[in-house]
Amino acid sequence: MANTIRAEIARDAAALRAEGKFVSLACVQVGAKPESQMYVNSQKKLCASLGIEFHMVQLPDTISQTALQHKIHELNASPEITGIILELPLPSRLNTFIAQRAIDPNKDAEGVHPVNLGLLVYGIAHHAPCTAMAAYQLIKSTNVDLRGLECTVVGHSQIVGKPVSLMMLHDFCTVTTCHIATRDLALHTRRADVLIVAVGKAGLVKADMVKEGAMVIDVGVNRVPVPGPDGKQALTEKGKPAFKTVGDVDYDPVAEKVAWITPVPGGVGPMTVTMLLRNVVNAAKRGHGLNL
Ligand code: NAP
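Residues numbered from 1 in each chain as written. Predicted model: local features only at pLDDT ≥ 70, side-chain atom pairs only at ≥ 80, totals over all residues. Heavy atoms only, no water.

Turning next to the site of the ligand. Taken together, 20 residues surround the ligand, and among them His156, Ser157, Ile180, Lys201 and Thr272 come closest. Between an oxygen atom of the ligand and a side-chain N or O atom of Ser157, the distance comes to 2.5 Å. Between Thr272 and the ligand, the recorded distance is 2.9 Å, taken from a side-chain N or O atom to an oxygen atom. Protein contacts shield 69% of the accessible area of the ligand, which totals 930 Å² for the unbound molecule. The biggest single contributor to the shell around the ligand is helix H10 (residues 268-287), with 3 residues. Per-class residue counts for the shell around the ligand are 10 nonpolar, 9 polar and 1 charged. (Near = heavy atom within 4 Å. Polar contact = N/O pair within 3.5 Å; in protein donor to acceptor, adjacent residues only side chain to side chain. Areas by Shrake-Rupley, 256 points an atom, 1.4 Å probe, with all protein chains shown as cover. Helix = DSSP H or I, 4+ residues; strand = E, 2+ residues; numbered from the N terminus. Nonpolar A, V, L, I, M, F, W, Y, C, P; charged D, E, K, R; others polar.)

On to the sheet that holds strand E2 (residues 53-59), then. One open sheet accounts for 3 strands, arranged E2-E1-E3; its pairing is parallel. Lying at the two open borders of the sheet, with one neighbouring strand each, are E2 and strand E3 (83-86). Sheet twist, expressed as the mean angle between neighbouring strand axes with direction ignored, is 20°. Here strand E1 (residues 24-30) runs beside E2; their pairing, made up of 7 bridges, is parallel. Of the residues in E2, the one forming a bridge with Ser24 is Glu53. Lying on the sheet, helix H2 (residues 34-50) is in contact with E1, E2 and E3; it crosses E1 at an angle near 165°. (Pairing = 2+ DSSP bridges. Axes fitted to C-alpha atoms, helices over the stretch in contact; angles between N-to-C directions. Contact = heavy atoms within 4.5 Å.)

Turning our attention to the domain arrangement of the protein. Structurally, the protein comprises domain 1 (2-125 + 271-287) and domain 2 (130-265). Centre-to-centre, using C-alpha coordinates, domain 1 lies 26 Å away from domain 2. At the interface, 16 residues of domain 1 touch 12 residues of domain 2. Together, the buried faces of domain 1 and domain 2 total about 1,000 Å²; carbon and sulfur atoms form 76% of this surface. Considering only the surface of domain 1 that becomes buried against domain 2, Leu120, Met271 and Thr272 emerge as the three largest contributors, covering 40% of it. If you look at where domain 1 meets domain 2, you find 0 salt bridges. For the interface between domain 1 and domain 2, the tally reads 4 residue pairs in polar contact (both at pLDDT 80 or more). Breaking the side of domain 1 that touches domain 2 down by element, the ones donating at least two residues are helix H5 (114-121) and H10. Broken down by element, the side of domain 1 that touches domain 2 gets its largest block of residues, 6 residues, from H10. Grouping the amino acids of the side of domain 1 that touches domain 2 by side-chain chemistry returns 11 nonpolar, 3 polar and 2 charged. (Domains from an automatic or database assignment. Buried area = accessible area lost by both parts, 1.4 Å probe. Salt bridge = Lys/Arg side-chain N within 4 Å of Asp/Glu carboxyl O.)

Okay, here's the thing in C-alpha cells:
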C-alpha cells in the first residue's frame, strides 16, 4: 500500500517539477540526535527516490528558542521550501509546542500545527499527523465498513492517539480512548472491533486482551534485548548487546486470534514516512495554487 501511494507521490512531484515548481522538504534538527537519525535517513532516502528535494537544516544544540523560531520563519518565507519537519525531541530547555507553532500551517509536513490538528475536528485532514493518518489509511485499506464498530485507541498523544480517535469518530465508530489513568485497559481492548495501540510499551497488549476476529493496528516501536540461549542478553557479531524492534502488541499469539494485524517493524512505520511525503507534495500543490 505504501508503494502504491509512493508511486502517486512520485508522479505528482514529477508533474510539479516539469512545470518548474518547487517540491521540497526541509528537515530541521537541533543537535545530534542518534535516536531520530534512522527516521531522518529514511526521509532523505525516500525523498531522493520520489523526486522531492531534501534540505537538511542542522542547528547547534546550543541554539536559543528565538533563533530556532527565526530559522523556521526563514523557511516559511522561502519559496524553495514547500514542506517543513521539526525533528523531535528538542533539547529540554526549548519549548516544542512554541517551536511547532512557528511552522507555517501550509508547510506543516507532519501535521502537528494546532491549526491542522484543529481542522481534524471538522473532518478536514489536509495536513493530518502522519502516524495517525498512516494507521487510519491501513484500516481503510481493509474496506471493512467502520460504521457502528467499537474502536479502542490506547494512548492519547497529540500526534497519534487523539488525532486517530477523531478520524475513527468521523467514520462513525464508537471510540474509546485509553491512557495512563484508564482503570481496566483489558475491558476496553477486549470489546474493540478495531484496536489501535500507540503507547511505546513492549508486550502491553496480550492475546487475552483482544477480541476474536478484531483488527489490530500496532503503532508502538520498542527496542528490546534479544535473549540468548543461556537466558542472558544475546550478543551481536561484533560482541555488542543485541536488540530487536517490537511493537506494543504481543504479535504471534495475537495474530492467531485476530483477522487483521500490522507487524512491527514493517507496518505503520513505512506508511508514516509515506504520509509525510504525501503531505509535502499536497502542500506544494496547494502552495502553487493547484487543486487536489
Ligand atoms: P507518547 O507521546 O509517549 O504517548 C504515549 C501514550 O500512551 C500517552 O498518551 C500515555 O498516556 C499512554 N500510556 C502510557 N502508558 C499507558 C498504559 N499503560 N495504558 C494506556 N496508555 C498508556 O508516544 P507517541 O508519540 O504517541 O508514540 C507512541 C508509540 O508509537 C511509541 O512507541 C512511538 O515510538 C511509536 N511511534 C511510531 C511511529 C511509526 O511511524 N511507527 C510514529 C510515531 C510514534 P499519558 O500521557 O497519560 O501518560
